[in-house]
Amino acid sequence: ISGSCFRLISHRKLLWSASAFQISCGFAIRNRSSNMSSSLGRTRRRTSPYFPSPVASSAAVSNISAETAEKEMGAKSNCKRKPKGQKPSASTKKNKQAKVKVERTKSFEPKWWGNVINDGSEYPPVHTLILGTHPSIASLSKNEMYGHPLNAFWYLAGDAIGFRRSAAVSPTTGKPYVYYHDHLRYDDGHIVEYSQQLERIVAKGFAMWDIVAECEREGSLDQDILEEKPNQIREFCEGTLINIKQSGVKRIVIANGTTGSKFFVKHFTDWFVEGRLCAASDDMSQRAFKTVMNKQRKANGNIACKEDNGVIEVVCLPGVSPAAAKFTYLEKRAAWEAGCFGPGLKDFEKWQSNMQLKQQSTFNTPEKQQITTPKRERSQARKTPASSPKEPAFQILSSSISKLAQENEWIDLNVPPQELRPSSTLTNGQCFNWMVVETEESPDAINSPRQSAWGTHDAKEWIGPLGDRVLSIKETPTTTMFRVLHGPTEGTKEYLQQYFRLETPLSPLYEEWSKADTRLKKIAAAIPGVRILRQAPLECMFSFICSSNNNIPRITKMLSSFRETYGSFMMDIPIQSSAGNDDDSISIYSFPTLDSLASASEDDLRAMGLGYRAKFIIGTRDLLQTSGGEEFLLNLRSNDDCQAVQDELIKFSGIGRKVADCVALFSLDQDDSIPVDIHVQHIASRDYDPTVLGQAKSLTPTIYKRVGDLFRSRFPNRAGWAHSLLFVAELPSFRSVLPLDMVKEMDEWKKHEQEQKAKQKKEKKKEGEVPSDPTT
């Protein structure tokens, strides 16, 4: 009878009836019913179009044993579900607990930069707390948050922050997970391990925890949680749970949809009613928290909470669990970027901008030359106060730029991220003509303006003059686009392809350099698309003459005055100033030609603020005119000997070896030129040859060549490009994207250098001391 019964079963209700029948009849068919139940459960799960073969692939990808994976998936399948609309009675729950003894499981500790990194560096206060419900069997087995191989969380985080969780390919079948594979923004070269994924997300100010601290649960489904206890989430947000104040928490994100939201409301209703929590404005959050928000309004005289004055926004987002197949991956990503990663990263960028502003007064560009300011001029500068008032801060808004030249649409350069990232190419100090465009109006941006592109690797749009055009460059997750704001549109794409040197494939170079240097391999994964530009030689030469013993803001200001005085007017760009005037604008000028500089005098240039560099500009102009003008510089591009090119350039006034190599590398296609300063010397000493620092007090020609040869011998193919990638990683603005172990290594080396200098200074002082005994 029992066999016939089970052969006819095809629905869960019949399964429940058959189970009752077997119990009442006393037939010993437990194993058969269990097998049938598991089989039905697995068949039902395979009907999802998003998760191919979940049992097999999850066991293989997550390195969990097949027995563990089957246990989790089988437990999910065997959960008896009540018919729709029927509530389980208390006796049903008791019977379930009596039949299956389930061990209590505990959640992880909260993950934030204080206990994940904790290296003594400064990181932003936690602005976003992401809450799962309770770790799954896979997560607990691997000791990783969101550890199931088909959980969407780390794929979503990687797409937003800049890494990739895994190859998203089944190791057993070799077939990609269709739910993710074709939609991920970053390729296999950006795959990082769990520890690095965790470090990267918490370094941006995100924190992760679970709603339920401990519970009894058979399987991994949230709806099967029993006898739960909540975590101290309110204490974490209010800063009483940990030593470092966490009052910066602005939003709580529920990672498991409406099911997770029910648990959160269940244990934190009072927090809502007090008016300290407020549901986000999106439809999903409004539906999930509708009841508790009505309670809040009723308790506060029908007055809704406001998302300010310390009130925390609570966001309900589509679940990241493999069981949440209602949404496609693209739908989940759009929702998570709108409600979690988008606003969270903006909070991080604001904090980072404020930090950079604090450092700006003391930070000098590492382009120190052997040319020094005359003592007389330095003395006069100290005596003479600045006569011109400080210019008001301003920002360029994307919304304002979009209204210019509306007849010209955005054009795709059709170049993938691994081949070009303007965020790491236009911002590393090889050019000075680009200004950052803010994506939205922000009071913080006014207080922390970023007119120069220097250090703005977190920006996505820039504007600047290039030849006889004014262009806007935009970086997207998949490509780079441009729009012509002034000048001819025809041929602009080809012009930019030449400017970015896109004829040279970058990915093979990254791969080749990575084989030669394990440290560069880590940098290449963190900072893709760093290219060397092909700038106009005349502009590049005069720009780097102005860069000697200078910092980026001053260089930018000098060159702006230089353009305005001797260049040609191109267009006005609307700006928003700190004075609050919406109709303000700045004028964009082309770079001067040799002919337009013919009338310039040293006094005129000094009056513009160029200082002692004025005589170098005049001297270089005069020698260049007698040497054949800009054509002389362009002819140097065909010279294959970078040393010979350097020898030609150092003949010009104010150009030493470092400036000569900058001009050669950034405008004359001399790909083996290595601009060497004390910072590059330290890279070579730390990574390649500890003896290269030596005891010399200055960067002598012998040491200069020795350092350059270290890079050329290690990277025989375009050593200057590889050197620039290593140099970019040393810039303070790129610290946040580097692996944490590399940042620690850099800090330890810097500390070691400081200790050595202090030791040498102490020994030198001790050697110079005169004995106090006059008889000796």
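No experiment lies behind these values; they were computed from the predicted model shown.

Spatially, 3 strands are ordered S1-S4-S5 in an open sheet, and the strand pairing comes out antiparallel. Each edge of the open sheet carries a strand with a single partner, namely strand S1 (104-106) and strand S5 (226-230). On average, each strand axis in the sheet is tilted by 15° relative to the strand beside it, whichever way the strands run. Sheet topology places S1 next to strand S4 (residues 212-216); 3 bridges connect them, and they run antiparallel. Across the sheet, residue Lys106 finds its bridge partner in S4, namely Glu214. Running over the sheet, helix H12 (residues 257-273) touches S4 and S5 and is turned about 60° from S5.

Next up on the list: the confidence of the model for the protein chain. Here the protein chain averages 79 in pLDDT, while 74% of its residues score no lower than 70. With pLDDT under 50 throughout, residues 441-451 is counted as low confidence; its partners more than four residues away or in other chains account for 30 contacts. Per-residue pLDDT stays below 50 along residues 770-776; that stretch engages in 1 contact with residues further than four places along the chain or on separate chains.

With the rule as written, the count across this model stands at 35 salt bridges. A salt bridge links Lys705 to Asp709; its shortest N-O distance comes to 2.9 Å. One end of the pair, Lys705, and the other, Asp709, are both in helix H31 (residues 701-714), 4 residues apart, so they sit about a helical turn from each other. On the basis of relative accessible area, Lys705 is assigned to the partly exposed category, the value being 46%. Counted as one network, the salt bridges with shared partners bring together Arg501, Glu503, Arg534, Asp669, Asp671 and Arg718.

The next subject is the side chain of Thr269. Mapped onto the secondary structure, Thr269 falls in helix H12. In contact with Thr269, not counting residues within four places along its chain, are Val292 and Lys295.

All right, on to the packing of H12 against helix H14 (residues 290-299) then. For any two helices packed against each other, one specifies the inter-axial angle together with the distance between the axes. With their axes 9 Å apart at the nearest point, H12 and H14 run at an angle of 30° to one another. Classified by the angle their axes make, H12 and H14 are roughly parallel. Of the two elements, H12 crosses H14, and the hand of that crossing is right-handed. Mapping the contact onto sequence places Val265, Thr269, Phe272 and Val273 in H12 and Val292, Met293, Lys295, Gln296 and Ala299 in H14. Of the residues assigned to the contact of H12 with H14, the class counts are 6 nonpolar, 2 polar and 1 charged.

Reading the values: rules and limits
- Residues numbered from 1 in each chain as written.
- Predicted model: local features only at pLDDT ≥ 70, side-chain atom pairs only at ≥ 80, totals over all residues.
- Heavy atoms only, no water.
- Pairing = 2+ DSSP bridges.
- Helix = DSSP H or I, 4+ residues; strand = E, 2+ residues; numbered from the N terminus.
- Axes fitted to C-alpha atoms, helices over the stretch in contact; angles between N-to-C directions.
- Contact = heavy atoms within 4.5 Å.
- pLDDT = per-residue confidence, 0-100.
- Salt bridge = Lys/Arg side-chain N within 4 Å of Asp/Glu carboxyl O.
- Buried < 20%, exposed > 50% of the residue type's maximum accessible area, 1.4 Å probe, protein only.
- Parallel < 35°, antiparallel > 145°, perpendicular 65-115°, else oblique.
- Left-handed = near helix turned anticlockwise from the far one by under 90°.
- Nonpolar A, V, L, I, M, F, W, Y, C, P; charged D, E, K, R; others polar.

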